[in-house]
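Coordinate inspection notes
Listed here are the chains, written in short residue letters.
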Amino acid sequence: MPTHYRDTVITCDNCAATADRPAPGQAFRALHEEGWREKPNPEERPLRFAPHTSIWSCPACPPVAVY
Ligand SMILES: [Zn+2]
């Protein structure tokens with residue numbers, strides 16, 4: 001399941017591992033340093049709005065995005 005931007009828990013779309021979402025306004029740097037990766041959900045429509053859900057990968061899974 002893609003993770004909604006309001007979800008308090010981030011879920012890996014490959015293996016369903018979870019991580020706590022940083023508090024609002026806090027950087028995702030710690031998650032990224034652990035190896036979590038995120039990309040906008042490509043199946044979300046319409047795309048004229050900013051996507052509300054994201055695809056996440058955990059450190060143990062192939063990264064969905066590199067940054
Ligand atoms: Zn995973």
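Before reading on, note that the structure itself is shown above.
None of these values were measured; they are calculated from a predicted model.

**Regarding the coordination of the zinc ion**
Taken together, the protein donors to the zinc ion comprise Cys12 (SG), Cys15 (SG), Cys58 (SG) and Cys61 (SG), at separations of 2.3 Å. Binding-site remark: the zinc ion is held by donors from one chain whose sequence spacing is C-x2-C-x42-C-x2-C. With a gap of 46 residues between them, cysteine 15 in the loop between β2 (9–11) and β3 (18–20) and cysteine 61 in the segment after β5 (53–57) connect regions that are remote in the sequence. Classification of cysteine 15 by relative accessible area gives partly exposed; the value is 42%. Look at cysteine 61 and you get buried, because its relative accessible area is 11%.

**A word on the nonpolar core**
Ile10, Cys12, Ala19, Leu31, Trp36, Trp56, Cys58 and Cys61 together form the largest nonpolar core, which totals 8 residues. Every residue in contact with alanine 19, bar those within four places of it in the chain, is listed here: Thr8, Val9, Ile10, Leu31 and Trp36.

**Regarding unusual backbone geometry**
At alanine 16, a position not held by glycine, the phi torsion is positive, near 70°. Mapped onto the elements, alanine 16 comes out in the loop between β2 and β3.

Conventions and cut-offs
- Residues numbered from 1 in each chain as written.
- Predicted model: local features only at pLDDT ≥ 70, side-chain atom pairs only at ≥ 80, totals over all residues.
- Heavy atoms only, no water.
- Donors = N, O, S within 2.8 Å, 3.2 Å for Na, K, Ca; no water.
- Helix = DSSP H or I, 4+ residues; strand = E, 2+ residues; numbered from the N terminus.
- Buried < 20%, exposed > 50% of the residue type's maximum accessible area, 1.4 Å probe, protein only.
- Core = buried A, V, L, I, M, F, W, Y, C linked by side-chain atoms within 4.5 Å.
- Contact = heavy atoms within 4.5 Å.

So yeah, pure geometry; function would need other evidence.
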